[in-house]
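Spelled out from the first residue to the last, the chains are:
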There are 2 protein chains.
Amino acid sequence: PGLNNMAAPTDLYQFTMAYAYWRAGRHQEPAVFELFFRDNPFGGGFSLFSGLHDCLLFLRSFRFTDEDVEYLRSVLPPDSDPTFFQFLRGLDCSGVTVNSVPEGTVVFARVPLMEVAGPLAVVQLLETSLLCLVNYASLVCSNAARFRLAAGPRRKLLEMGLRRAQGPDGGLTASRYTHIGGFDLTSNVQAGFLFGIPVAGTMAHSYVTSFSSLEEVWPQTLVAANGNRDQVDLISLTKGWLGRVCDLLGAEPGKIREGELAAFLSYAIAYPHNFLPVIDSYSVSCSGLPNFCAVALALCELGYRPRGVRLDSGDLCRQSVNVRRVFKLCSEHFSISAFHSLIIVGTNNISEQSMAEFNKRENEIDTVGVGTHLVTCTSQPSLGCVYKLVEVRGRPRMKFSEDPEKTTVPGRKAVYRLLDTEGHPFLDLLCLAVEPPPKAGLPLNCYPLGWDNASHSVTPAQVICLRQDVFTKGQVGIAQHRMRDIILYMHKAKVQSSLQTLHPRHKRLQEPDSYTVSLLYTRTRCY
Amino acid sequence: PGLNNMAAPTDLYQFTMAYAYWRAGRHQEPAVFELFFRDNPFGGGFSLFSGLHDCLLFLRSFRFTDEDVEYLRSVLPPDSDPTFFQFLRGLDCSGVTVNSVPEGTVVFARVPLMEVAGPLAVVQLLETSLLCLVNYASLVCSNAARFRLAAGPRRKLLEMGLRRAQGPDGGLTASRYTHIGGFDLTSNVQAGFLFGIPVAGTMAHSYVTSFSSLEEVWPQTLVAANGNRDQVDLISLTKGWLGRVCDLLGAEPGKIREGELAAFLSYAIAYPHNFLPVIDSYSVSCSGLPNFCAVALALCELGYRPRGVRLDSGDLCRQSVNVRRVFKLCSEHFSISAFHSLIIVGTNNISEQSMAEFNKRENEIDTVGVGTHLVTCTSQPSLGCVYKLVEVRGRPRMKFSEDPEKTTVPGRKAVYRLLDTEGHPFLDLLCLAVEPPPKAGLPLNCYPLGWDNASHSVTPAQVICLRQDVFTKGQVGIAQHRMRDIILYMHKAKVQSSLQTLHPRHKRLQEPDSYTVSLLYTRTRCY
């Protein structure tokens, strides 16, 4: 029997509450929950909303098997009425409706991102799974977007955090949502397999250190790229180039690591079109770089285009400048134009601060590989979305609290994004669902959520209804593509277009101007 | 067709390297990798080794399907030799041997925890998956052990981090390994279902705020616990008690929230044996606590034992003291002994620092629920295990680096734990596998890894061989139980017994004395 039937991980108290609702005959009462977070992550001015697609898949298949129900019976108090378990067995989301911000949208703290309406017991049961699916997806997508903003549009970004991720699935989720957030490539083969994300990678240090002498290189020959079938002895060819490179760079032949040269040669013979070794297993300047140049020049002589190098330790900026200088020197001295387009990949414990440093210090890094800090979101490893009841049977519900910031805004709402004359969003407006929507060109009074509660007047140049119906009475209401890579591409494009319209002052990674989220001011409203 | 076949998530470069080894005819060469981490997590003096069991399951089923291989063909360079893919299709771990520290053992930085030996291409391919399975499991288990040390043996610890975990599977892994690390309970139903971990939970604030009046309570009656079938009107009974409680506590009846009282009553009627509400949805002292006392006293009158309360906001220490004072007051005033054994659960963004505070400040919290800081390991969200090649074809391999601390210790090793006369481990000793093991009572010379390299002499009172063969030529070599909960229990017991022997100076959570890891000093050794 499959052990993985429990629809999705969730918390026990959802079931004890569902039981109490059911016991009181309240389980079918129409209820509305809102999902939102209280603070933008990473001290930034925005977040990206992600995970919706997974939520919809979860809602569509939400159901408990016999085995699930038997387990629940064994952990709920023994005095539970047995009829409740028949009720659980028959549950699904056919009575549930979700109104949500689209996947990949720029969003802000305190804006209700999803509104989940349906029978009280069912929408309560959905809480943990929806939070779990949105929280980390949104967090890691936002983190990736920050890396992308820090990197600028030109530099390639490679996600390579799988080994440091919080569990195998954490790694897969990270690969997927960092791609949506702005990364180009992943090292994670499963993410490529499942979602069509472009994968990249060549070799680790272990490959280099596994070689100790040129005798381990086999085969030792390569044919030219032009189709000539003559086998050329690549070792001899490279040895010749190595001598010339050492002369040119003033490198000491005695410090060249033979094992490293063997590793490079062996890899070049295996993949002559994809030569991109890691060059810091011993010493970049004394061994890795001369070895690379020699093998790469030999490949060029045979008509191949070597791709570049990876640096994985030390001061990446300083080293990349030196490596580029040597590439130019070789290119000019030996008249090899392919050396102009070699790329330099940097991958040493890169953080958002490292990216900022790359913008300040001279460097020649074309592709940056990011692992731990990207996938685990070191500076803030959770987003903190919450799921709060705002209405039951048409009546607004609200929670006070011993912590004032945990108090919720009651009632079912509509959410509008107000744009200025330049097309930049400047305010997200929460209205009660029953209130008329704001109109472009017309002033309206509102008061900002948060500390400063003075009401003020604003006139939007454009009004966007921020949420849409994505799940109506059990039916997924947005475009569903069977190809996961098309979905991925759509979400990735949405992130970039949504970020594009945001004013740079809100996108600043450090001390951004805070974006205003306001309640419509209505004299007649009272709670 | 199943889309989930790719054996486990891994990095592309494992395959490009495997190809290059295969192309050079080196794929069958015997190779040895070591898995270790470079720094103890959380600024502490130790870590716990976890994830081995999952590694063994992974190794046992390691294989590529036709679909996997087709995908790999599509992402590897097009000039790859097609025969390689047949080789991949036939791969398994029948040639692999793993020598490992047992699951749940206290371990230290720089000690090789697992030694993976086998054909070069295969053991290389295992890297990412093994790291991914060990890194987070060990990290979160160590984090849980720190919470347990901070909590002391008496307090109950509840893991409730699922909604903030890094993906659904991250949450499941967290529930499992925090239980092994010392937690008693989880809120995660899937973890209970899959691993038999005891689950706990009663109600959220949304349950409380979903009620607005006593009219929503249904049924309104309860029978006594003694088997008398007469239905007693619990609302009237509770109203009577509420008046007396308000008098006793000097609480204003006008500030009592009727909806909260209705929620408590409804829950008590549903689960009279399991009454443990959250009492801070509005105000603990003005409403939640009097409401709880009234319902609990009514339950007691009917012969039930209410269980306690949960506090989820504000100053938990101060509030718990006040709650306990009120419980005692009620107990004495109304002569209700059951109020002596009520428990207080605290659950407000608990961190390791909160736990330390609980030890310093007066409080009455019996059970602590921990979420975000536990499962995401906020203060250090990744462990940083690495997997380094130490031997190929019987010859030691070593990596230098631009970062000196990344340099590895070459050669296949044996690892011994030396104990002092009181049974406390005081030194982990790395020897070459070919060197004779240290003997109890005999002095030996060694030099510590790290900055201070002066050799010194030590005499162990006892010597333990730290690792054991757990996977031999494809066969799992340690006890395999079919019941996952037995495995879990064994690992949990191992953690506590392993921690028990560690001297308190190494277990201190802040500024522990660092544990010594040394290399055996041999005059004849040279690299």
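Basis of the calculations
Residues numbered from 1 in each chain as written. Chains lettered and ligands numbered in written order. Predicted model: local features only at pLDDT ≥ 70, side-chain atom pairs only at ≥ 80, totals over all residues. Heavy atoms only, no water. UniProt positions renumbered as here; feature names shortened; annotations may be inferred. Helix = DSSP H or I, 4+ residues; strand = E, 2+ residues; numbered from the N terminus. Contact = heavy atoms within 4.5 Å. Buried area = accessible area lost by both parts, 1.4 Å probe. Salt bridge = Lys/Arg side-chain N within 4 Å of Asp/Glu carboxyl O. Polar contact = N/O pair within 3.5 Å; in protein donor to acceptor, adjacent residues only side chain to side chain. Nonpolar A, V, L, I, M, F, W, Y, C, P; charged D, E, K, R; others polar. Least-squares fit on C-alpha atoms with pLDDT ≥ 70 in both. Pairing = 2+ DSSP bridges. Axes fitted to C-alpha atoms, helices over the stretch in contact; angles between N-to-C directions. Parallel < 35°, antiparallel > 145°, perpendicular 65-115°, else oblique. Expected span 1.5 Å × (residues − 1). Buried < 20%, exposed > 50% of the residue type's maximum accessible area, 1.4 Å probe, protein only. Domains from an automatic or database assignment.

The name given to chain A in an unreviewed UniProt entry is Nicotinate phosphoribosyltransferase, with the source organism recorded as Myripristis murdjan. Among the UniProt annotations of chain A, the heading Sequence similarities (unreviewed entry) holds the following wording: "Belongs to the NAPRTase family." Database annotation for chain A, UniProt heading Pathway (unreviewed entry): "Cofactor biosynthesis; NAD(+) biosynthesis; nicotinate D-ribonucleotide from nicotinate: step 1/1."

## Quick word on the UniProt feature "domain: Nicotinate phosphoribosyltransferase N-terminal" (unreviewed entry) in chain A
With numbering matched to this structure, UniProt assigns "domain: Nicotinate phosphoribosyltransferase N-terminal" (unreviewed entry) to residues 10–135 of chain A. Within residues 10–135 of chain A, the helical portion is 42% and the strand portion 17%, while the C-alpha atoms at the span's ends are 14 Å from each other.

## Notes on the interface of chain B and chain A
Each partner contributes to the interface: chain B provides 114 residues, whereas chain A provides 114 residues. Buried surface at the junction of chain B and chain A, both sides included, amounts to about 9,700 Å², of which 57% is carbon and sulfur. It is B:Arg163, B:Gln166 and B:Phe193 that lose the most area in chain B upon contact with chain A, and together they represent 10% of the buried surface on that side. For A:Glu216, the salt bridge is made with B:Arg393, and the minimal N-O distance between the two is 2.5 Å. At the surface where chain B touches chain A, the tally comes to 36 residue pairs in polar contact (both at pLDDT 80 or more). Ranked by residue count, the leading element in the side of chain B that touches chain A is helix α1 (residues 12–23) of chain B, at 10 residues. Each residue belonging to the side of chain B that touches chain A can be placed in one class, and the counts come to 52 nonpolar, 39 polar and 23 charged.

## Notes on the relation of the copies chain B and chain A
When chain B is fitted to chain A, the residual RMSD is 0.0 Å, and the transformation amounts to a turn of 180° plus an axial shift of 0.0 Å. Such a combination of rotation and displacement between the chain copies is what one expects of a two-fold axis.

## Brief notes about the sheet that holds strand β11 (residues 343–346) of chain B
All names here are of chain B. Read across the sheet, five strands follow the order β7-β6-β12-β11-β10 without closing on themselves; strand pairing throughout is parallel. In the strand order of this sheet, the two ends are held by β7 (185–186) and β10 (308–311), each with one partner. Bridge count between strand β6 (residues 156–159) and β7: two bridges; the pairing is parallel. For Glu159, the partnering residue across the bridge sits in β7 and is Thr186.

## A look at the packing of helix α7 (residues 168–181) of chain B against helix α16 (residues 484–501) of chain B
Residues and elements named next belong to chain B. α16 packs onto α7 with a crossing angle of 45° between their chain directions and a minimal axis gap of 7 Å. Judged on the interaxial angle alone, α16 and α7 are oblique. On the side of α7, the interface is formed by Arg176, His179, Ile180 and Gly181, while α16 contributes Leu488, His491, Lys492, Val495 and Gln496. Split by residue class, the contact of α7 with α16 holds three nonpolar, four polar and two charged.

## Some remarks on helix α11 (residues 258–270) of chain A
Taking 1.5 Å of rise per residue, the 13 residues of α11(A) would be expected to cover 18 Å, and the 18 Å separating its terminal C-alpha atoms lies within 8% of that figure. Of all the 13 residues making up α11(A), 12 are buried; the element is thus mostly covered by neighbouring parts of the structure. For α11(A), the full list of buried residues reads A:Gly259, A:Glu260, A:Leu261, A:Ala262, A:Ala263, A:Phe264, A:Leu265, A:Ser266, A:Tyr267, A:Ala268, A:Ile269 and A:Ala270. Lining the buried residues of α11(A) we find α9 (205–209), β8 (221–223), α10 (234–249) and α12 (284–301) of chain A together with α1 of chain B.

## A look at helix α2 (residues 52–60) of chain A
The element α2(A) is largely enclosed, with a buried count of seven among its nine residues. Listed in full, the buried residues belonging to α2(A) are A:Leu52, A:His53, A:Asp54, A:Cys55, A:Leu56, A:Phe58 and A:Leu59.

## Remarks on the side chain of A:Ser354
All names here are of chain A. Structurally, the position occupied by Ser354 is in helix α14 (residues 352–360). Accessibility expressed as a relative area gives 14% for Ser354, which makes it buried. Here the side chain of Ser354 touches Ser351 through a polar contact of 2.8 Å, landing on its backbone nitrogen.

## Regarding the sheet that holds strand β16 (residues 425–432) of chain B
Residue and element names in this part refer to chain B. One open sheet accounts for six strands, arranged β18-β17-β22-β16-β15-β19; its pairing is mixed. Each edge of the sheet is formed by a strand with only one pairing partner; in this case those strands are β18 (456–458) and β19 (462–465). The average undirected angle you get between the axes of adjacent strands in this sheet is 40°. Here strand β17 (residues 444–448) pairs with β18 via three bridges, running antiparallel. Bridging across to β18, Cys446 finds its partner in His456.

## Here's the deal with the domain arrangement of chain A
It is common to give the size of an interface as the accessible area that goes away when the parts come together. Assigned domains of chain A: these are domain 1 (12–144 + 380–520) and domain 2 (202–365). Taking only C-alpha atoms, the centre of domain 1 of chain A and the centre of domain 2 of chain A are 51 Å apart.

## Remarks on the pairing of strand β22 (residues 516–520) of chain B
All names here are of chain B. By the criterion of burial, β22 is predominantly enclosed, with four of the five residues buried. Strand direction decides the pairing type here: β16 and β22, joined by four bridges, are parallel. Directly across from Leu429, in β22, lies its bridge partner Ser518. Pairing of β17 with β22, which is carried by three bridges, proceeds in the antiparallel orientation.

## A look at the pairing of strand β20 (residues 468–472) of chain A
All names here are of chain A. Bridging between strand β3 (residues 97–100) and β20 involves three bridges; their strand directions are antiparallel. Looking at β20, one finds that Asn99 is bridged to Asp469. Here β20 hands over to strand β21 (residues 475–476) after two residues, with Lys473 in that stretch at a positive phi of 50°.

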